[in-house]
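What the coordinates show
Residues per chain are reported as follows:
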Amino acid sequence: MFFLAKVCACGEYVLGLVEAILDVFGSDPESPVSVGVRVLPQGYWYTVLYSSVILVLCLIVCLVGDHIYSRTAFAILLLITVSLLSIFVSSVVVKRQDFVITHQLSGNQTVRYNTSYTGFNATTLRNNLASGYTLDYSTNSVMSFATVFAVLFTSCTGIMAGANMSGDLKTPSISIPKGTIVAVLYTFIIYILLFLLVGATCERTLLTEDYGFLQRINLWSPFVTIGIYCSSLSAAMCAMIGASRILHALALDQLFGLPLAPAAITSRSGNPWVAVLYTWGLAQCVVFAGQLNAIASLVTVFYLLAYAAVDLACLALEWASAPNFRPTFQFFSWHTCLLGILSCLVMMFVINPVYSSGSIVLLLLLLLFLHYRSPTSSWGYISQALIFHQVRKYLLMLDVRKDHVKFWRPQVLLMVANPRSSCQLILFVNQLKKGGLFVLGHVQLGDLDALPSDPIQPQYNFWLSLVDKLGVKAFVDLTLSPSVRQGTQHLLRITGLGGMKPNMLVLGFYDSCTPEDFFLQDKAFCDAAVGGGTEGEYNFGVDLPSLQAHFPPVRHVESPRWLPPEEYVGMISDAIKMNKNVCLARYFFQLEGEGKNSKVDGSERTIDVWPLNLLQPGSRDYQDVCSLFLLQMACVLNMSNKWRHARMRIFLNVETKSDDQGWVADEETFRELLRKLRIRASIKIVPWDSVVQRRAPPDDESKGALSQHFLSAVNSMLVEHSSPAAVRFLYLPRPPTQQSQSQQYLAQVDAVTNNLGPTLLIHGVTPVTYTDL
């Protein structure tokens, strides 16, 4: 928006210069013959022609480089100073004069005005103090406060000229503040003196009917002519060179992609000549407006919106309490920022509501384009400072002592050994979190005492890039530890902050399956391997080929497992002791349709829930904490985007051959529970008398042993009833207290879930449902 303001201002200054030239050298519309120096023909297309010639002159200066512009600007400053001195001297020396002003109207009508230069006169000053807006003879429109403000404001828009050329200054942090403040004070004083001077010496008609009146009342009119020409030309060149620098910065940051890519090209001396050509071309379009006052409102609205954005940025930094934001201007505060924003927005709509609304719509469209294009650059995001400030504040307000079961949500720590074989599980758990915390945890084996530096820190960018690539809403937490079990304990204890800490540990299943390489299946990762990817986009130092090369190949069949079963079962026990829910995920490499580009809505999917502890047939409690936790997690999955239309089935295992018919009452009680919990699911009754009969004798069960026939029967029952399901939720028994039984425990769970398809074995330890209103 600031670039557009600069471009429009460049065209406006050129049109103003042409008007001043035609006032002196333009031919008299009443006379068919040129008189004296008034030789230039006038008209709309002639105005465009003269403006184009002047723009080419500005283009040549800007193409040569900023050093020529700087020298030219200093010479122009000296000439303008001489011109101003002549005006002040003339106000004292020149005596009273009478003038006749003529204007050519449409239809060959001529209007004449008689007016005077009175010299210093109290009556003249008093008559000029009140407002008296009249017809603007250059545009044939009635002026108002808003239109006059719009024209005047464009003469005060050089306040950011130094910031535009910050890259060309030796010490911008010193030069910009000093130069800006001195320039503003100098300009303010000059304008106030000029207002008082002309208001006390010129009649109102002279001021409103001849915009070049200063030439009439000067000792030697060429002084004013030279001053006007120099100031307009200087302002036009300043706007062009400033706009080109802004466009060059936009091109370097790659914000708008290919259309602006050529603007990043520079000459050997660093001059962005292509950006200058861009600016010149757009300014050439602006001069087709034909009149200065015709575009003054648009230029002012663009500038006000740009200044409001600068104020908003400073206000955001102040509110974010960014330590490195230390303005040298001592009178800065958030109050001045807010006042600046409000005053800019108010004046925009006072000047022209249509232009203001259109400029805001254009700004919103640019923001939407940037948001959906999602360019990533290294110059920092003010949103990150604001987010940090607000998140810290709200995390302090998130008091763990105020937790209530009504507002429980899963907060997951998913332990990942190698993302190459775990991407499907990562995508699935992303659907399972239901707006809760999702953390990817990884343990690297090692001892920091034996290493020269921490090997974990350089890895974060790779993991974060993986999260971006998969499109999941997850955090990453890595740790260095002598063992995976100790590292998992560390992560369970320290991951998260305040009330946002994991309450559920998810582990991949411990079996002998050969893991598959997801990177070889996903087209995006395959394209990265052959050189595709995000060329030209800032990626925090991680491109797709290096991302793929960072993670080691998946384990082969003959490769030994470096995680013993005792340690794996110990991780489950540790989590339960720490009051964390545990979930073991198996066969999720078979699950498809969880990617961010997938259109799956779950209408063809089924979710099966087996809430009974199948390894302890004697227990018929369908409403213990773990069973209710299974129901809750299945319901959470059913509410996610890719599973919202999936059918949920709940299987109740009953012994129908026994004389006790209590299972009928249990079924009715369970249906009532589902109604209270508002869980929509169909209930399937599964008789399993033949399965129960195969369990081991009581003396063997006391040792944790179950017969292989019983485990096979349970597995067959699950395969028979749940083979069509997309995912299954099973009750995970509590692990044994004795480490020697770890292998046996894993073998039992492995046998029950063998060839079952994507399955979650869950052991819940925290209450998650609430039936009271």
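These numbers were taken from a predicted model, which means no experiment stands behind them. (Residues numbered from 1 in each chain as written. Predicted model: local features only at pLDDT ≥ 70, side-chain atom pairs only at ≥ 80, totals over all residues. Heavy atoms only, no water.)

**Looking at the environment of alanine 322**
Mapped onto the elements, alanine 322 comes out in the loop between helix H12 (292-319) and helix H13 (334-351). Residue class for alanine 322 comes out partly exposed when judged on its relative accessible area of 21%. When the C-alpha atoms of alanine 322 and glutamine 616 are compared, they prove to be 58 Å apart, with 294 residues separating the residues in sequence. (Helix = DSSP H or I, 4+ residues; strand = E, 2+ residues; numbered from the N terminus. Buried < 20%, exposed > 50% of the residue type's maximum accessible area, 1.4 Å probe, protein only.)

**A short note on H13**
Residues spaced three or four apart along an α-helix face the same direction, because each turn holds 3.6 residues. Over its 18 residues, H13 runs 26 Å from end to end, which matches the ideal 26 Å to within 8%, given 1.5 Å per residue. Regarding H13, the residues found buried are Cys337, Gly340, Ile341, Cys344, Met347, Met348 and Ile351. Angularly, the buried residues of H13 cover 145° about the axis, an arc narrow enough to put them on a single face. Across from the buried face of H13, at angles greater than 90 degrees, the exposed residues are Leu339 and Val346. Check the buried side of H13 and you find it contacts helix H5 (145-153), H12 and helix H14 (353-373). (Expected span 1.5 Å × (residues − 1). Arc of directions from axis to C-beta. Contact = heavy atoms within 4.5 Å.)

**Describing empty space enclosed by the protein**
Tallying each qualifying case throughout the model produces 3 cavities of 30 Å³ or more. Volume-wise, the largest cavity comes out at about 60 Å³. Secondary-structure elements contributing two or more residues to the lining of the largest cavity are strand E13 (727-731) and helix H27 (742-752). Broken down by class, the residue content of the lining of the largest cavity amounts to 8 nonpolar, no polar and no charged. (1 Å grid on protein atoms, 1.4 Å probe; cavity = no way out; pocket = protein on both sides within 12 Å on 5 of 7 lines; lining within 4 Å. Points joined across faces, edges and corners; volume = space filled by probe spheres on them. Nonpolar A, V, L, I, M, F, W, Y, C, P; charged D, E, K, R; others polar.)

**Brief notes about the domain arrangement of the chain**
Looking at the chain, the domain boundaries give domain 1 (1-94 + 218-289), domain 2 (410-526 + 539-584) and domain 3 (601-772). Domain 2 and domain 3 are separated by 27 Å when their C-alpha centres are compared. On the domain 3 side, the residues contacting the 22 residues of domain 2 number 31 residues. In this assembly, domain 2 packs against domain 3 so that about 2300 Å² is buried in total across both faces, 71% of it on carbon and sulfur atoms. Run the count over domain 2 and domain 3 and you get 0 salt bridges. (Domains from an automatic or database assignment. Buried area = accessible area lost by both parts, 1.4 Å probe. Salt bridge = Lys/Arg side-chain N within 4 Å of Asp/Glu carboxyl O.)

**Concerning the state of the cysteines**
This model, assessed by the stated rule, comprises 0 disulfides. Just so you know, cysteine 238 is unpaired, no disulfide at all, and the nearest cysteine sulfur is the one on cysteine 62, 9.3 Å from it. Cysteine 8 supplies the cysteine sulfur nearest to cysteine 285, a cysteine that is in no disulfide, at a spacing of 10 Å. (Disulfide = S-S within 2.5 Å.)

**Considerations on the UniProt feature "domain: SLC12A transporter C-terminal" (unreviewed entry) in the chain**
In this structure's numbering, the residues bearing the UniProt feature "domain: SLC12A transporter C-terminal" (unreviewed entry) are residues 424-510. The span residues 424-510 carries 36% helix and 23% strand; its end-to-end C-alpha distance comes to 17 Å. (UniProt positions renumbered as here; feature names shortened; annotations may be inferred.)

**Things to note about unusual backbone geometry**
Positive phi, normally seen in glycine, also occurs at lysine 434, with a value near 50°. Note that lysine 434 resides in the loop between helix H16 (423-432) and strand E6 (438-445).

**Section: the sheet that holds strand E7 (residues 475-481)**
Spatial strand order, E7-E6-E5-E8-E9-E14-E13-E10-E11-E12: 10 strands in an open sheet with mixed pairing. Each edge of the sheet is formed by a strand with only one pairing partner; in this case those strands are E7 and strand E12 (682-687). Strand after strand, the sheet turns through a mean of 25° between neighbouring axes, direction not considered. The pairing of strand E5 (residues 412-415) with strand E8 (residues 504-508) spans 3 bridges and is parallel. When the bridges of E8 are listed, valine 412 appears paired with methionine 504. Across the sheet, helix H22 (residues 625-638) is in contact with E8, strand E9 (581-586), strand E10 (606-610), strand E11 (647-654), E13 and strand E14 (759-763); its angle to E13 comes to roughly 165°. (Pairing = 2+ DSSP bridges. Axes fitted to C-alpha atoms, helices over the stretch in contact; angles between N-to-C directions.)

**A short note on the pattern of salt bridges**
Side-chain pairing between opposite charges can occur once the charged atoms of the two side chains come close. Using the criterion set out here, one finds 10 salt bridges in the structure. Measuring nitrogen to oxygen at the nearest pair gives 2.7 Å for the salt bridge that ties aspartate 574 to arginine 485. In this pair, aspartate 574 sits in helix H21 (residues 565-577) while arginine 485 sits in helix H18 (residues 484-494), placing the two residues 89 residues apart along the sequence. For aspartate 574, a relative accessible area of 9% corresponds to the buried category. Between aspartate 608 and arginine 649 there is a salt bridge whose closest N-O contact spans 2.8 Å. Taken together, the residues span a long stretch of sequence, with aspartate 608 in strand E10 and arginine 649 in strand E11 at a distance of 41 residues. Arginine 649 matches aspartate 608 in its accessibility class, with the two residues each being buried. A single network of salt bridges, built from pairs that share partners, joins Asp511, Arg586 and Asp750.

**As for a nonpolar patch on the surface**
On the surface, a cluster of nonpolar side chains totalling about 770 Å² of accessible area is made up of Val82, Val89, Val92, Val93, Phe120, Leu219, Trp220 and Phe223. Considering each element in turn, the nonpolar patch owes the most residues, 4 residues, to helix H3 (residues 66-93). Assignment of secondary structure puts phenylalanine 120 in the loop between strand E2 (109-117) and helix H4 (122-129). On the basis of relative accessibility, which here comes to 53%, the residue phenylalanine 120 falls in the exposed class. (Patch = residues over 30% accessible without salt bridge, like charges linked within 9 Å, V, L, I, M, F, W, Y side chains within 5 Å. Areas by Shrake-Rupley, 256 points an atom, 1.4 Å probe, with all protein chains shown as cover.)

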